[in-house]
Amino acid sequence: AGAYRAHDFDVSRETEPGPEYVEIRSLGVRTRGIVFCQGIAGTTNPWFEDVQFKPAKGEILTLRIPGLTEQRVIHRGIWLAPLGDDLFQAGATYDWKVLDNRPTDAGREEILSQLQKILRLPMEVVGHHAAVRPIHRNQYPVLGRHPQQPRMACFNGLGSKGALHAPYFGRQLAEHLTGGAPIDRQVDLVLKTRWSSIAGHFAAGQNQPSSGASSGKRPRALPLTQRAQLAVSEVVGRGDIVIDATAGNGHDTQFLAELVGDDGQVHAFDIQEVALENTARRLAESGLANVRLWHHDHAELSDVLPSELTGRVAAIMFNLGYLPGGDKSVITRAESSGEGVFKAAALLKLGGIMTVLAYTGHDGGQSEADRIASILAAFPADEFEIKTVESQPGRSVGPRLFHVKRLKAR
Ligand SMILES: C[S@@+](CC[C@H](N)C(=O)[O-])C[C@H]1O[C@@H](n2cnc3c(N)ncnc32)[C@H](O)[C@@H]1O
């Protein structure tokens with residue numbers, strides 16, 4: 001009894017964190033820790049203002065679908081979660097402009113038409129809700145202690161999709177707070193506050209800066225996809241023009257779009273329509289409108305892009321291979337990748353960077369990586385700085401990440 005109390009208080013003025021306790025005097029509360037689970041109100045919590053949430057209205061439906069026995073949560077762009085007794089919940093929509101709690105006919109139709117693509121059973125709408133939720137740029141929840149005030153923690157950004165993960169991440173945060181267990185990278189508050197912290201975080205080999213639980217352990221190597229992003233984030237700023245030469249499922253495109261902001265421009269290429277659709281969906285869900293998608297081979301990139309981009313592009317990312325989760329026979333090829341990389345380099349501005357991540361585990365991968373290496377080796381050394389990160393240092397096997405930086409204008 002008394003474990004649950006409902007009260008309002010002003011987080012910015014009334015929360016007093018100290019080394020042993022956090023106090024909220026107006027409520028007569030003194031506690032060893034406080035976890036803020038504030039939903040959209042968390043976007044104005046001054047203690048966690050470094051976590052950049054964007055508000056988005058979402059609508060969800062409760063449906064009766066007689067005869068559907070699915071016990072799992074299905075996620076195909078839209079999600080469908082079983083509630084028991086033929087009842088299911090499905091969602092969600094993303095509206096970044098109208099931020100109210102009113103369910104709309106358009107929202108309901110959007111969810112139903114998405115569902116009808118994956119389900120042929122009749123369904124009845126028995127509930128319809130709308131709310132505004134905070135969304136972090138990589139769409140995952142955000143959890144962890146405040147880096148300077150370890151008695152305060154945040155658990156937010158769940159949205160409707162994230163709420164499906166709430167039991168998993170709730171347990172993870174509880175184990176972190178009570179025993180120093182690690183937090184997954186995608187949701188770690190510390191990694192999400194600033195890009196620059198990524199470099200420091202991994203260089204220091206810390207996963208638990210506040211508890212120090214893992215200090216002294218060997219740092220885990222950063223995956224090459226993230227190393228490429230890190231190198232790009234060191235060079236690219238708001239308003240820049242950048243290119244994703246292999247849009248795929250849109251992770252890098254989204255990353256670039258966030259980096260350059262509304263005043264910047266992203267051009268993303270892919271030869272597969274499904275990849276461009278996946279990318280477009282990811283961008284729409286994140287409210288990003290600064291990307292132009294090109295259904296073209298990247299070997300043609302300098303032919304189709306406006307000529308005035310030559311010498312003005314701050315970053316170009318190639319992530320070669322096949323579309324994860326897609327048709328593995330549609331794959332980047334040594335010849336077109338080589339041509340694309342060669343032509344793209346001419347677009348880079350002074351100080352601009354191109355990253356090329358080449359995988360070698362599939363047919364043709366090794367010769368593609370070798371071809372990129374030999375094309376780059378022929379670049380004039382006074383014009384481009386080339387660095388290679390090998391997954392197995394000293395051996396030209398396994399994935400390789402090439403960094404190409406323009407040192408001198410033509
Ligand atoms: C490894 S995936 C890219 C992953 C992506 N960067 C991401 O963040 O999700 C490689 C993509 O390259 C595309 N691709 C293959 N050949 C291509 C070409 N010649 N030009 C442009 N894209 C190509 C494939 O369709 C696939 O979607």
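Residues numbered from 1 in each chain as written. Predicted model: local features only at pLDDT ≥ 70, side-chain atom pairs only at ≥ 80, totals over all residues. Heavy atoms only, no water.

Undergrad: Help me understand the environment of glycine 58, please; the structure alone is not making it clear to me.
TA: Note on placement: glycine 58 falls in strand 5 (residues 53-64). Measuring from C-alpha to C-alpha, the distance between glycine 58 and aspartate 100 comes to 9.4 Å, with 42 residues separating the pair along the chain. Leave out the neighbours within four places in its chain, and glycine 58 touches Thr93, His129, Ala130, Ala131 and Arg133. (Helix = DSSP H or I, 4+ residues; strand = E, 2+ residues; numbered from the N terminus. Contact = heavy atoms within 4.5 Å.)

Undergrad: Please explain the pattern of salt bridges as it appears in this structure.
TA: Pairing is possible between side chains that carry opposite charge, provided their charged atoms lie close to one another. Across all of its chains, the model carries 16 salt bridges by this definition. A salt bridge links glutamate 23 to arginine 25, with the nearest nitrogen and oxygen atoms 3.8 Å apart. The exposure class assigned to glutamate 23 is partly exposed, which follows from its relative accessible area of 22%. Here arginine 25 falls in the exposed class, since its relative accessible area comes to 56%. Among the salt bridges present, the one from arginine 72 reaches glutamate 70, with a minimum N-O distance of 2.7 Å. By relative accessible area, which is 55% here, arginine 72 ends up exposed. Each of Glu16, Glu23, Arg25 and Arg30 takes part in a single network of salt bridges with overlapping partners. (Salt bridge = Lys/Arg side-chain N within 4 Å of Asp/Glu carboxyl O. Buried < 20%, exposed > 50% of the residue type's maximum accessible area, 1.4 Å probe, protein only.)

Undergrad: Explain the site of the ligand to me, please; I cannot follow it from the model alone.
TA: Around the ligand, 23 residues are found, and the nearest of them are Asn249, Asp252, Asp270, Gln272 and His298. For the ligand, an oxygen atom lies 3.0 Å from a polar atom in the backbone of aspartate 252. Contacts to the ligand include glutamine 272, whose side-chain N or O atom sits 2.8 Å from an oxygen atom. Within the complex, the protein chains bury 97% of what would otherwise be the 610 Å² of accessible surface of the ligand. For the shell around the ligand, the class distribution of residues is eight nonpolar, twelve polar and three charged. (Near = heavy atom within 4 Å. Polar contact = N/O pair within 3.5 Å; in protein donor to acceptor, adjacent residues only side chain to side chain. Areas by Shrake-Rupley, 256 points an atom, 1.4 Å probe, with all protein chains shown as cover. Nonpolar A, V, L, I, M, F, W, Y, C, P; charged D, E, K, R; others polar.)

Undergrad: For this particular structure, what's the right way to read the domain arrangement of the protein chain?
TA: It is common to give the size of an interface as the accessible area lost on bringing the parts into contact. For the protein chain, the assigned domains are domain 1 (11-51 + 138-204), domain 2 (53-136) and domain 3 (224-406). Once you take the C-alpha centre of each, domain 1 and domain 2 turn out to be 28 Å apart. Buried surface at the junction of domain 1 and domain 2, both sides included, amounts to about 1,300 Å², of which 68% is carbon and sulfur. Where domain 1 packs against domain 2, one counts zero salt bridges. For the side of domain 1 that touches domain 2, the leading source of residues is helix 3 (residues 159-163), giving three residues. (Domains from an automatic or database assignment. Buried area = accessible area lost by both parts, 1.4 Å probe.)

Undergrad: What's the story with the packing of aromatic side chains in this structure? I'm lost.
TA: The geometry of an aromatic ring pair is captured by the separation of the ring centres together with the interplanar angle, meaning the angle of the planes. If you walk through the whole model with that rule in mind, you get six aromatic pairs. Ring geometry for phenylalanine 36 versus phenylalanine 48: centroids 6.0 Å apart, planes at 65°, classification edge-to-face. Of this pair, phenylalanine 36 sits in strand 4 (residues 34-36) while phenylalanine 48 sits in the loop between strand 4 and strand 5, and the two are twelve residues apart along the sequence. Residue classification places phenylalanine 48 among the buried residues on the basis of a relative accessible area of 6%. Geometrically, the ring pair formed by phenylalanine 379 and phenylalanine 384 is tilted, given 4.9 Å between the ring centres and 45° between the ring planes. Of the two residues, phenylalanine 379 and phenylalanine 384, both sit in the buried class. Members of the aromatic cluster, connected to one another through ring pairs, are Phe342, Phe379 and Phe384. Note that arginine 30 overlies the ring of tyrosine 21, its terminal NZ or CZ placed 4.4 Å from the centroid. A cation over an aromatic ring shows up here: arginine 292 above the ring of tryptophan 294, its NZ or CZ 3.9 Å from the ring centre. (Phe/Tyr/Trp six-rings, centres within 6.5 Å; stacked < 30°, edge-to-face > 60°. Lys NZ or Arg CZ within 6 Å of the ring centre and 35° of its normal.)

Undergrad: Help me understand the sheet that holds strand 11 (residues 152-156) in this model?
TA: Two pairing modes exist for strands in a sheet, parallel and antiparallel, and in both the strands are linked by backbone hydrogen bonds. Reading across from one edge, 4-11-10 is the order of the three strands in this open sheet, with mixed pairing throughout. Unpaired on one side and paired on the other, strand 4 and strand 10 (142-145) mark the two borders of the sheet. Between one strand and the next, the sheet's axes are offset by a mean angle of 20°, whatever the strand orientation. In this sheet, strand 11 lies alongside strand 10 in antiparallel orientation, the contact comprising four bridges. Each bridged residue has a counterpart across the sheet, and for arginine 145 the counterpart in strand 11 is alanine 153. (Pairing = 2+ DSSP bridges. Axes fitted to C-alpha atoms, helices over the stretch in contact; angles between N-to-C directions.)

Undergrad: Honestly, helix 12 (residues 365-377) in this entry has me stumped. Any pointers?
TA: The α-helix winds at 3.6 residues per turn, so residues separated by three or four positions along the chain end up facing the same way. For helix 12, spanning 13 residues, the distance from its first C-alpha to its last is 18 Å, which sits close to the expected 18 Å at 1.5 Å a residue. The complete set of buried residues in helix 12 reads Gly365, Glu368, Ala369, Ile372, Ile375 and Leu376. Taken down its axis, helix 12 places every buried residue within 125° of arc, on the same side. Those residues of helix 12 that are buried are in contact with helix 11 (334-345), strand 16 (348-358), strand 17 (384-390) and strand 18 (400-406). (Expected span 1.5 Å × (residues − 1). Arc of directions from axis to C-beta.)

Undergrad: Help me understand the nonpolar core, please; the structure alone is not making it clear to me.
TA: The nonpolar side chains of a soluble globular protein tend to be buried, and buried together. With 28 residues, the main nonpolar core has Ile243, Leu301, Leu305, Ile316, Phe318, Met354 and Val356 as its most contacted residues. Of all elements in the fold, only strand 12 (241-244), strand 15 (313-319), helix 11, strand 16, helix 12 and strand 18 reach the threshold of two or more residues within this core. One finds Leu224, Val236, Ala315 and Ile353 within the second-largest nonpolar core, a separate group that totals 25 residues. (Core = buried A, V, L, I, M, F, W, Y, C linked by side-chain atoms within 4.5 Å.)

Undergrad: Whenever I open this one, the confidence of the model for the protein chain confuses me. Can you help?
TA: In low-pLDDT regions, the fine details of the predicted coordinates are not to be read closely. On average, the protein chain scores 87 in pLDDT, and the residues at 70 or more come to 91%. Counting contacts from residues 194-220, a segment whose pLDDT is below 50, to residues more than four positions away or on other chains yields 45 contacts. (pLDDT = per-residue confidence, 0-100.)

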